Amino acid sequence: MNTAMKFRTLTRHLREGCKNIIRNGWMTIASVGAVTTTLILVAAFLALVLNLNQMANNIENDVEIKVLIDQTADEEQITDLGDNIKALSGIDTVQFSSKDDELVGLIESMGEEGEAWQLYEQDNPLSHAYAVKAQNPADTERIAKDILGMDNVQDVNYGRDYVEGLFQFNDYARTIGLAIIIGLVFTAIFLISNTIKITIMARSREIGIQKLVGATNGFIRWPFFIEGMLLGILGSLIPIGAILGGYYYLVNNLGVLDNYSFVTLLPYNPFAWQLSLIILAIGVLIGIWGSVMSVRKFLKV
Amino acid sequence: MNTAMKFRTLTRHLREGCKNIIRNGWMTIASVGAVTTTLILVAAFLALVLNLNQMANNIENDVEIKVLIDQTADEEQITDLGDNIKALSGIDTVQFSSKDDELVGLIESMGEEGEAWQLYEQDNPLSHAYAVKAQNPADTERIAKDILGMDNVQDVNYGRDYVEGLFQFNDYARTIGLAIIIGLVFTAIFLISNTIKITIMARSREIGIQKLVGATNGFIRWPFFIEGMLLGILGSLIPIGAILGGYYYLVNNLGVLDNYSFVTLLPYNPFAWQLSLIILAIGVLIGIWGSVMSVRKFLKV
Amino acid sequence: MILMKDIYKTYANGVTALNGISVDIKQGEFVYIVGPSGAGKSTFIKLMYREVKPTQGTIIINEIDMSEIKERKVPYLRRDIGVIFQDFKLLPKLSVYENIAFALEVIEESPRNIRKRVMDVLEIVGLKNKARFIPDELSGGEQQRVSIARAIVNHPKIVIADEPTGNLDPDTSWGIMKTFEEINARGTTIIMATHSKEIVNTIKKRVIAIEDGLIVRDQNRGEYGYEI
Amino acid sequence: MILMKDIYKTYANGVTALNGISVDIKQGEFVYIVGPSGAGKSTFIKLMYREVKPTQGTIIINEIDMSEIKERKVPYLRRDIGVIFQDFKLLPKLSVYENIAFALEVIEESPRNIRKRVMDVLEIVGLKNKARFIPDELSGGEQQRVSIARAIVNHPKIVIADEPTGNLDPDTSWGIMKTFEEINARGTTIIMATHSKEIVNTIKKRVIAIEDGLIVRDQNRGEYGYEI
Ligand SMILES: Nc1ncnc2c1ncn2[C@@H]1O[C@H](COP(=O)(O)OP(=O)(O)OP(=O)(O)O)[C@@H](O)[C@H]1O
Ligand SMILES: Nc1ncnc2c1ncn2[C@@H]1O[C@H](COP(=O)(O)OP(=O)(O)OP(=O)(O)O)[C@@H](O)[C@H]1O
Ligand SMILES: [Mg+2]
Ligand SMILES: [Mg+2]
């Protein structure tokens, strides 16, 4: 009697849940408003943090190891060295750069001040070099050490201070980003379930009446379950619209930042869709949880 | 009769407002919870954005103009040039750096790769220089142009691309930060007044009864005004505690980031206090506004 | 004092509760409103303190035309009318004392007078020992008596009572009726909707019988009943 | 069917509403509960469907000891008892039809039966034309009749009525009483708290008089009154 719910009772709960959304009028609007607002917040920050994380990855991927080759090495030795480096595990690309290329690069990178050095083009004091990139930037240090042990390597240079600093900074930034997201999700959970709780508190008398007329806790809870789910879905609509529309706009209008090569947004497809799904899931789960939790404490009549 | 409220009626409203906080029990807790959560959010982001802004300022303040002096200039001319620069408006500091200093600086800044250049110490191709800082970094470009027109100036160098990029980037960051703060404050306004509105909606019947018993709109509104203010104050307590405690902790525990010279937090005093005041003001204003606005639509009985 | 002319009232859901009612009630009268359930008694009563506005027709109370009165002025009108609501309409979070005092706070009475008058009416309705309780802690009849106390506490010119004895035992009912007669003797107009044949037939007053939104009988010192 | 032994009830605020009550009501009986306002009638009644739990004493309903019943089982017990509440307790957002149907949905009745039975009781209480209205759109007496309809719609073994005619005119009251007698004739136990001397003295049944939380009289075919 208590266990198996008749199918018609399930459809009754579904119908009641939907009707309650309409019956509660202003309360529904207020709840959906709270869900909408908090989810927009979460979505905005999720998009921001995930994209910043991606940019941090881009910057880290730009890190390269400059292998300075002994001035005394001949062509064959240089080729051998290149092959040896390629043979290491975790190598992405290996690029040869002659000492003339190096000087040109140096002068260019120094801007106007570099011009003073052009006199020295005939008497280039630089070495030939290999530019090596690791598949995983975190391996940079290990690879650099391995290369340093090879023959004909004058020095290995990967801006140790800079790289270490960069990784450390990015780690901090990622931790802060994660903390913000977790904090926001918990805030969203609290605010949404808090709002739903108030609206259900305002209905505590009705719940009491239902119990007095012979309804079991399960019978009362089901429509609230449905209602919470619908609140979540309705509250996700605008945030999802904002994600799909807003992100589309951003992806197509960030040309102004083109001079920062690392500023590339995650691709619209699948990112915007994944984010929408996450937002919908958060909305529905909190909606259900908030409803069912809140109704619980009024069931003891 | 309608105009002047008797003093005892004012104290009555004050008393009722305070009592309502207690009478409404769970509703009060839920409202205060919503105020608390949203204000913590606003406070955290205000602190973050204002500090990041400060850091951006620090970075911008590091920008300096390098004035390369003609190799042919004698000591007197160099001193004159220094005086002329100092005479410009908006100059903060002017620092002389000999060509030997410059070479040392250059080699240091290039790290390991710079060692190759040490051979050239005898034959230093660099010029003497002045390092100039503007009081307001935004003036950098104007000052650089002015200096370029002076006698005995070989070249003026302030990393134009870098500086322009930096300023542009910081401008973007500031705009985004401001947008986030404004967005958050509006979210807070909406969420808080939304929550208060629901709790007042749940009391619409009581408001109707009061009107039927002969209460004027003003008479009904006053206790809600007091109650909204108290909700704001109560809801600000934890956020203010979090600001004062949390910021104290941060200020004293950010030593790990010491290697980033520009990472300096705004001083605890007065920043933490100012922020607390802002949060209190936001809480109280939204509390009052939310209460009085919500009660309005139930006064038409 | 209370003058209604050709009043029609159709609610938002399309139900017509009053179908052209005209009545003239003089200061100091005591009037019973009788009629079957759903006849329109409460609607008729609600017009007087403007809980309900007529769809059509004129209402004049205390020489004031209700269709011309400014919204701001309505509370002052209501202070001259003490209402005992059919569903009591007590403020659920206020104590019995606070509920009754509210009607005096509204007119900015002094705290001393409030205390005295509230205690007086609590005595009258026999609830002095329940002053600190909230409505939910009271029995049905006790709640009804709080509603009665609140209606008479500020000595209004008119007392409107919508089935004030529906939840009271006969003894308590007669006590309340005695109070009404005393108040009435002091010049207060009393309008009382009731289903109690016994009361109407014992304390003989003017009887207005309503059926289907129409006045079917208006008789001084009449008997209970609404057959024409 | 209903057996109470030495029941005491003290509410959280310290008021003692019942002061040692014992009673035995057999299946198929018709019992009036009379007594002054605040005597403890509603409290006595609320014990039977466990809206209130006794501070002390044993209650056995349908052979089930109420102090031992699992919380989970209480709803099933309540389905055997139809209650007309003194304050109606209608669900404010549901229509008249939905309010009454609720008592049948709870027992997972088929939609066809629900429709039929609801229409039947609406006919009985004379509200067939108000099925789509919500409680706020009804007069006091109409609300009370909805409450009556809901209580009897699922043919419960026991009908408990707390002043079911307090807001009804005499004619309608007699109609409701006729319905109760019919139900009672089919074997349903009826327990009715009332203030109506006329009803108690006309339709003679067992009368339990309560005063100050004590049973002061328990008499078959008794008259109204609670003096010892
Ligand atoms: N707020 C409302 N909205 C819509 N219809 C209403 C409303 N209030 C009352 N009615 C309808 O108006 C009619 C008259 O109602 P009213 O409350 O005046 O009856 P009454 O004579 O007081 O009855 P009772 O004796 O049962 O209290 C009824 O048919 C009722 O259904
Ligand atoms: N929930 C409650 N909390 C505290 N006290 C209560 C509560 N309900 C009732 N009482 C008190 O218990 C006593 C009995 O109340 P009860 O409702 O049983 O009276 P009653 O006989 O039904 O009266 P009436 O005829 O007025 O309905 C009263 O003094 C009342 O104040
Ligand atoms: Mg009525
Ligand atoms: Mg009772």
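For the structure, check the block above.
The structure presented is a predicted model; accordingly, all values stated were derived computationally and were not measured. (Residues numbered from 1 in each chain as written. Chains lettered and ligands numbered in written order. Predicted model: local features only at pLDDT ≥ 70, side-chain atom pairs only at ≥ 80, totals over all residues. Heavy atoms only, no water.)

1. A closer look at the coordination of the magnesium ion (ligand 3)
Each donor-metal-donor angle in an ideal tetrahedron of four donors is 109.5 degrees, and each such angle in an ideal octahedron of six donors is either 90 or 180 degrees. All names here are of chain C. Within the protein, the atoms that donate to the magnesium ion (ligand 3) are S42 (OG) and Q86 (OE1), at distances of 1.9 to 2.2 Å. Of this pair, S42 sits in helix α1 (residues 41-48) while Q86 sits in the loop between β6 (81-84) and α3 (96-105); the two residues are 44 residues apart in sequence, bridging distant segments of the chain. According to the relative accessible area criterion, S42 is buried, its value standing at 13%. (Donors = N, O, S within 2.8 Å, 3.2 Å for Na, K, Ca; no water. Helix = DSSP H or I, 4+ residues; strand = E, 2+ residues; numbered from the N terminus. Buried < 20%, exposed > 50% of the residue type's maximum accessible area, 1.4 Å probe, protein only.)

2. Some remarks on the coordination of the magnesium ion (ligand 4)
Surrounding the magnesium ion (ligand 4) are the protein donor atoms S42 of chain D (OG) and Q86 of chain D (OE1), which sit 1.9 to 2.3 Å from the metal. Judged by relative accessible area, which is 16%, Q86 of chain D ranks as buried.

3. Notes on the site of ligand 1
Looking at ligand 1, there are 23 residues lining it, with S42 and T43 of chain C together with K130, S139 and G141 of chain D nearest. More than one chain lines the surroundings of ligand 1; the residues nearby belong to chains C and D. Take G40 of chain C: an N or O atom from its main chain is 2.9 Å from an oxygen atom of ligand 1. Measuring from a nitrogen atom of ligand 1, one finds a backbone N or O atom of D136 of chain D at 3.4 Å. Protein contacts shield 92% of the accessible area of ligand 1, which totals 630 Å² for the unbound molecule. Elements with a contribution of two residues or more to the shell around ligand 1: α1 of chain C together with α5 (140-152) of chain D. Here the shell around ligand 1 is built from residues that sort into 6 nonpolar, 11 polar and 6 charged. (Near = heavy atom within 4 Å. Polar contact = N/O pair within 3.5 Å; in protein donor to acceptor, adjacent residues only side chain to side chain. Areas by Shrake-Rupley, 256 points an atom, 1.4 Å probe, with all protein chains shown as cover. Nonpolar A, V, L, I, M, F, W, Y, C, P; charged D, E, K, R; others polar.)

4. A closer look at the sheet that holds strand β4 (residues 153-157) of chain A
Residues and elements named next belong to chain A. In space, the 4 strands of this open sheet follow the order β2-β3-β1-β4, with antiparallel pairing throughout. Because the sheet does not close on itself, it has two edges, and the strands there are β2 (91-97) and β4. Strand-to-strand, the axes of this sheet are offset by a mean angle of 20°, without reference to chain direction. Bridge count for β2 against strand β3 (residues 129-134) is 6 bridges, and the pairing is antiparallel. Looking at β3, one finds that S97 is bridged to A129. Across the face of the sheet, helix α3 (residues 75-87) comes into contact with β1 (65-69), β2, β3 and β4 while running at roughly 5° to β3. (Pairing = 2+ DSSP bridges. Axes fitted to C-alpha atoms, helices over the stretch in contact; angles between N-to-C directions. Contact = heavy atoms within 4.5 Å.)

5. So, the interface of chain D and chain A
The interface is formed by 25 residues belonging to chain D together with 26 residues belonging to chain A. Summing both sides of the interface, chain D and chain A together bury roughly 2,400 Å²; the carbon and sulfur share of this comes to 56%. Ranking the residues of chain D by area buried against chain A places R78, K93 and E108 of chain D at the top, with a combined share of 28%. Residue K93 of chain D pairs with E206 of chain A through a salt bridge whose shortest N-O separation is 2.8 Å. Our enumeration of links across chain D and chain A arrives at 11 residue pairs in polar contact (both at pLDDT 80 or more). Of all the secondary structure elements, the ones that give two or more residues to the side of chain D that touches chain A are α2 (74-78) and α3 (96-105) of chain D. Ranked by the residues each element gives to the side of chain D that touches chain A, the list is headed by α3 of chain D, at 4 residues. For the side of chain D that touches chain A, the class distribution of residues is 12 nonpolar, 1 polar and 12 charged. (Buried area = accessible area lost by both parts, 1.4 Å probe. Salt bridge = Lys/Arg side-chain N within 4 Å of Asp/Glu carboxyl O.)

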